[in-house]
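Chain by chain, the residues:
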Amino acid sequence: MSDYNGVVKVEFDNGVAWVSLNRPDKRNCMNPTLNTTMHTVLDDLEADDRCGVLVLTGEGEAFSAGMDLKEYFRETEAQGHIAVRRAQRASYGWWRRLRWFEKPTIAMVNGWCFGGAFGPLYACDLAIAADEAQFGLSEINWGILPGGGATKIVTDLVSARDAMYLTLTGDRIDGKRASEIRLVNESVPLAQLRTRVRALADTLLEKNPATLKAAKDAVRRVATMTFDEAEDYLVVRQESLNYLDKTEGAKEGIRQFIDEKTYKPGLAAYKRRGAE
Ligand code: ACO
């Protein structure tokens, strides 16, 4: 287990890096120290072969209670607008870094998930919640609008009606409802959460890592493109992948299906050279 400044914990287990926001006494709300620390964590994990999939979760009963209202807002605002911009860069920066992380990422939402926590939630490629988790855009409850991308995030992920409802009411929804409105991929009972996330991570670990990176970027990139732009981008991205993937995965995948007949691509992934 690696401890980062007492605010983030990282554990490795068979290809998965379990990253826990680690301020349980403060419900893992994000202060400037945590936000700065997460840049180091992501830098380290990107270069660490023990991390094939990154799982982001929270220690204790919260995923994250959003931004730290005392340290991120009040104390930073007291230092003036340059300090505010610096704090914003640190938080928005690690969420952006996570959005484009070199490896697939899963948010494992174990409990409270408020406001600013929608940033890392959205940044993760996939999200599995506990049925018992509680989500809310609570900004309206204390007098601000959902910033830090949160308003954009909900309009990207859920319907306009649901986005407006969450934004204007500040009402909480549980993991099951979050799954129904597609804020997360699915929800399971808390007791099964880690097992389900482990299984999902194992599915990802079977795939070609270079292809996973290209594919996850493609999903995010094409969202704002015209159809023709997307077509073109996907051709070019695949051709760059052909160059970057020194294992020549696609040729190997065809060979194992057509020549060896050892697997069927409709049913499973080809066996990567050197993979278990
Ligand atoms: N900012 C600063 N401190 C926080 C935050 C936060 N976002 N969330 C919790 N804490 C602190 C509490 O002040 C308390 O500190 P203390 O022990 O020094 O008194 C400690 O964490 C525990 O919090 P409680 O409120 O006692 O925990 P409880 O389990 O009863 O409630 C809950 C949990 C519902 C998450 C509650 O703490 C809460 O409402 N937090 C704020 C959630 C929120 O609205 N976040 C901001 C979203 S908007 C944005 O992020 C931009």
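As the structure is a computational prediction, the values presented were derived from the model and not from experiment.

(A) Spotlight on the packing of helix H10 (residues 209-222) against helix H11 (residues 227-244). Between H10 and H11, the shortest axis-to-axis distance is 11 Å and the interhelical angle comes to 165°. Relative to H11, H10 is oriented roughly antiparallel. The handedness of the crossing between H10 and H11 comes out as right-handed. Together, Ala 210, Thr 211, Lys 213, Ala 214, Asp 217, Ala 218, Arg 221 and Val 222 of H10 and Ala 230, Tyr 233, Leu 234, Arg 237 and Leu 241 of H11 make up the contact between the two elements.

(B) Representation of the site of the ligand. Residues in contact with the ligand amount to 18 residues; listed here are only the nearest, Lys 26, Ala 65, Met 67, Gly 116 and Ser 138. At a separation of 3.3 Å, an oxygen atom of the ligand approaches a polar backbone atom of Asp 25. Ser 138 places a polar side-chain atom, nitrogen or oxygen, 2.5 Å from an oxygen atom of the ligand. Here the ligand loses 61% of its free accessible area of 920 Å² to cover by the protein chains. Counting residues per element, the ones that place at least two in the shell around the ligand are helix H2 (69-78), strand S7 (112-114) and helix H5 (139-142). Residue classes in the shell around the ligand are distributed as eight nonpolar, four polar and six charged.

(C) Highlighting the pairing of strand S3 (residues 16-21). Across the six residues that make up S3, a large majority, six, are buried. Here S3 shows no split at all, with Val 16, Trp 18 and Ser 20 on one side and Ala 17, Val 19 and Leu 21 on the other all buried. The pairing of strand S2 (residues 8-13) with S3 spans six bridges and is antiparallel. Directly across from Glu 11, in S3, lies its bridge partner Trp 18. Linking two consecutive strands that pair antiparallel, namely S2 and S3, is a turn of two residues; a positive phi of about 45° is found at Asn 14 within it. Two strands pair when backbone bridges link them, and S3 and strand S4 (residues 53-58) are joined in this way by six bridges, in the parallel orientation. Across the sheet, Val 16 pairs through a bridge with Val 53, a residue of S4. Regarding topology, helix H1 (residues 32-46) serves as the crossover connection from S3 to the parallel S4, and that connection is right-handed.

(D) Representation of the sheet that holds strand S5 (residues 62-64) within the structure. Read across the sheet, four strands follow the order S5-S7-S9-S10 without closing on themselves; strand pairing throughout is mixed. Sheet topology places S5 and strand S10 (173-174) at the edges, where each strand pairs with a single neighbour. Strand direction decides the pairing type here: S5 and S7, joined by two bridges, are parallel. Each residue of the ladder has a partner; that of Ala 62, found in S7, is Trp 112.

(E) Spotlight on the packing of aromatic side chains. Throughout the structure, instances matching the rule amount to six aromatic pairs. When the centroid spacing of 5.0 Å and the interplanar angle of 85° are considered together, the rings of Tyr 72 and Phe 73 count as edge-to-face. Measuring from ring centre to ring centre gives 5.0 Å for Phe 73 and Trp 142, while their planes differ by 70°; the resulting arrangement is edge-to-face. Separated by 69 residues along the polypeptide, Phe 73 in helix H2 and Trp 142 in helix H5 bring together distant segments of the chain. You can call Trp 142 partly exposed: its relative accessible area is 35%. Grouping aromatic residues by their ring pairs yields a cluster made of Tyr 72, Phe 73 and Trp 142. Lying over the aromatic face of Phe 12, Arg 50 brings its terminal NZ or CZ to 3.8 Å of the ring centre. When the ring centre of Trp 18 is taken as reference, the NZ or CZ atom of Arg 194 above it lies at 3.8 Å.

Each value, and the rule that gives it
- Residues numbered from 1 in each chain as written.
- Predicted model: local features only at pLDDT ≥ 70, side-chain atom pairs only at ≥ 80, totals over all residues.
- Heavy atoms only, no water.
- Axes fitted to C-alpha atoms, helices over the stretch in contact; angles between N-to-C directions.
- Helix = DSSP H or I, 4+ residues; strand = E, 2+ residues; numbered from the N terminus.
- Parallel < 35°, antiparallel > 145°, perpendicular 65-115°, else oblique.
- Left-handed = near helix turned anticlockwise from the far one by under 90°.
- Contact = heavy atoms within 4.5 Å.
- Near = heavy atom within 4 Å.
- Polar contact = N/O pair within 3.5 Å; in protein donor to acceptor, adjacent residues only side chain to side chain.
- Areas by Shrake-Rupley, 256 points an atom, 1.4 Å probe, with all protein chains shown as cover.
- Nonpolar A, V, L, I, M, F, W, Y, C, P; charged D, E, K, R; others polar.
- Buried < 20%, exposed > 50% of the residue type's maximum accessible area, 1.4 Å probe, protein only.
- Pairing = 2+ DSSP bridges.
- Right-handed = clockwise from strand over helix to strand, strands pointing away.
- Phe/Tyr/Trp six-rings, centres within 6.5 Å; stacked < 30°, edge-to-face > 60°.
- Lys NZ or Arg CZ within 6 Å of the ring centre and 35° of its normal.

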